[in-house]
Structure formats: structure tokens, C-alpha cells
Amino acid sequence: MITCNSVEQLRSQIKAWREAGDTIAFVPTMGNLHAGHLSLIDIAKQNATRVVASIYVNPLQFSPDEDFESYPRTLDEDLKKLEQRDTDLVFTPESSIIYPHGEQRSSYVDVPELSKIIEGEYRTDFFKGVATVVLKLFNMVQPDVAVFGEKDYQQLLVIRQMVEDLNLAIEIIGGETKREADGLAMSSRNNYLTGTDRENSCFLSVALLQLKTQIEQGISAEAAEDNCVETLEKYGFDVDYVTLRETKGLDNVSKDDIANGVELIVLAAAKMGKTRLIDNVRFVVV
Ligand code: PAF
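Computed from a predicted structure; not experimentally measured.

Caption draft 1: Seen up close, the side chain of Ser115. Relative to the elements of secondary structure, Ser115 occurs in the loop between α4 (95-98) and α5 (119-122). Taking the relative accessible area as the measure of exposure, Ser115 reaches 1% and is therefore buried. A polar contact of 2.7 Å, which involves the side chain of Ser115, links it to the backbone oxygen of Val111. Not counting the four nearest positions on each side in its chain, Ser115 is found in contact with Asp110, Gly120, Phe127 and Val158.

Caption draft 2: Here's a closer look at the site of the ligand. Lining the immediate surroundings of the ligand are Pro28, Thr29, Met30, Gln61, Val130, Val133, Phe148 and Gln155. Measuring from an oxygen atom of the ligand, one finds a side-chain N or O atom of Gln61 at 2.7 Å. With respect to the ligand, the side chain of Gln155 contributes an N or O atom lying 2.8 Å from an oxygen atom. Contact with the protein chains covers 88% of the free accessible surface of the ligand, which is 290 Å². Residue composition of the shell around the ligand, grouped by class: five nonpolar, three polar and no charged.

Caption draft 3: Here's a closer look at the sheet that holds strand β2 (residues 24-29). A sheet is described by the order of its strands in space; here six strands give the open sequence β1-β4-β3-β2-β5-β6, paired in parallel fashion. Across the chains shown, the open sheet's two edge strands, defined by having one partner strand only, are β1 (2-4) and β6 (171-175). Neighbour-to-neighbour, the strand axes of the sheet open up by a mean angle of 25°, direction not taken into account. As defined by bridge partners, strand β3 (residues 50-55) adjoins strand β4 (residues 89-91) across three bridges and the pair is classed as parallel. What sits directly across from Ala53, in β4, is Val90. On top of the sheet, helix α6 (residues 126-141) reaches β2, β3, β4, β5 (145-149) and β6; it is set at about 145° to β2, its chief contact.

Parameters at a glance
Residues numbered from 1 in each chain as written. Predicted model: local features only at pLDDT ≥ 70, side-chain atom pairs only at ≥ 80, totals over all residues. Heavy atoms only, no water. Helix = DSSP H or I, 4+ residues; strand = E, 2+ residues; numbered from the N terminus. Buried < 20%, exposed > 50% of the residue type's maximum accessible area, 1.4 Å probe, protein only. Polar contact = N/O pair within 3.5 Å; in protein donor to acceptor, adjacent residues only side chain to side chain. Contact = heavy atoms within 4.5 Å. Near = heavy atom within 4 Å. Areas by Shrake-Rupley, 256 points an atom, 1.4 Å probe, with all protein chains shown as cover. Nonpolar A, V, L, I, M, F, W, Y, C, P; charged D, E, K, R; others polar. Pairing = 2+ DSSP bridges. Axes fitted to C-alpha atoms, helices over the stretch in contact; angles between N-to-C directions.

Here's what the structure looks like:
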């Protein structure tokens, strides 16, 4: 496995692979890798002959009150895991490469509307930070395919829209959410959870599945969302949102949409102690 932090080395290796007829799949990450990330590497391997991963904790997607400084940085362990998974190259750029003029003075990408709703209402510049760094990484790696986790479903849609809007020749593939044995969606931030908070955090996925069952039973979206919030609060969550949407553009859904088999997604964000968790469940009412 090649590890590099220079764009020149990255580009010359990608060029050599392309000349040899290889195709490139890319998995961008912020490190602190878990089984969810590694499953994205496996998907990448199934879709190209070479797999490139990046590890970069992107300051532009953190607001000043978020955990940029304390975000877990575990490079040595991450590199071992990627090597065991047969990753071909890991790109670990410094901020001076990603943001040569500093992140606050950088040109940026803003995907309108989709970036402003749901998660974007709580994390105002989050998707701007994500879209900007992902476009920069795409320009450096120039992959044929890139893989993103479906746990961050709104992020996946923002990236798909950016790729379409900016006519990038990159196929975006979503990887299914990986869960702990008790249902908690895997996330690097789960490491912050301890004791009762960790035990109760599994009720996020339980409450979303309960909402799905209620919608299937014909309970209205509003009532099912309210019940879900109530369950989450009972287990100690401080809820930012629970919202039922359709999966293409995250628009609100009507009773008719639900009855007519539109694909649905319930998205939620809630804090357990100081740890903010997000999760979603997708389904169709048959
Ligand atoms: O999902 C993440 O880990 C990050 O948002 C990403 C896509 C690597 C951009 O920094």
C-alpha cells in the first residue's frame, strides 16, 4: 500500500495506473476507521481495479462550537486497517495542500436548497464544507467511482447533486449503514459514548424502526414523528429532528405518496449527553 501526502506523487501514481488500463475507486474519510468505512473499501474494490482512500479531518465542515480539535485522529491504526483490506493508496494531505489560502479564504462549493434543510438547519455551513473538500479531493484523485456511507444520507444526496450540477464524470455509490450488535449505527463519534449513554444510544435505531412500523400501520407521519421524539426523550436523548421524507430530494411526503409506494426515509439527529448522533431508515409501504 502506498501512503502519500503530496498531490504530485498522488497524480503521478494515478497516471501510471491509468496508463496500465486501471480504473480508480475512491473512498474519502476523516479517519478513525471502523467496520463501516472498511465496508466502503470493499465496495470500492468491487467497482474498480485500484482503490484510493483519503484521510483528512476537514476543518471547513466543523463549526467553531464543534469537535474539530478533539476529533479522534488514529492514523497508524487506520493505515494498518486499510492495508489489511488491500487498499492500493492512502492520501493523507496537510491542510496547506487542501486550503492553500486558509480554509476561511478558500473558494467553495455550495449546493443550494438541499444543503440548507434538515441537517443544514442545525449545522449551517456543514454541507458547504463537505462539498468543497470532496470536490477538491475529486480533482486531486480524479476517480471513476467514489463511495460514501448511507448513514450520512443527506451528505450522499448533496454530493450526488454536486456531481450532476458540475458535470463531473464520477459515479457515486452509496454503501449500506453498518451497525453494532444492538443496532447503533457505526460512527467515529460513538467512541465518545460511555456507560448508560452508550447503552441507551441504541434506542435511536429502535425508535426509527418503531416509526417505520407505525407508518406501515397507517399512523400519520406527524403522529409517528411525535411518538418517535417521545421515545427518544424517554431514553435521555435531546432531539434535534425526526422527519419523514422521500428519498430522492428529501421533500416532505403526503398520505398519497405513502400509499402510492414512494420510497421513504426517516432521518433523525439527537444528542446523547454531549454526543450528537444521526441515523436513518429507508422503507416503502407495500
Ligand atoms: O463523511 C465523512 O467522513 C466526511 O464528511 C467526508 C465525506 C470524508 C468529507 O470530509
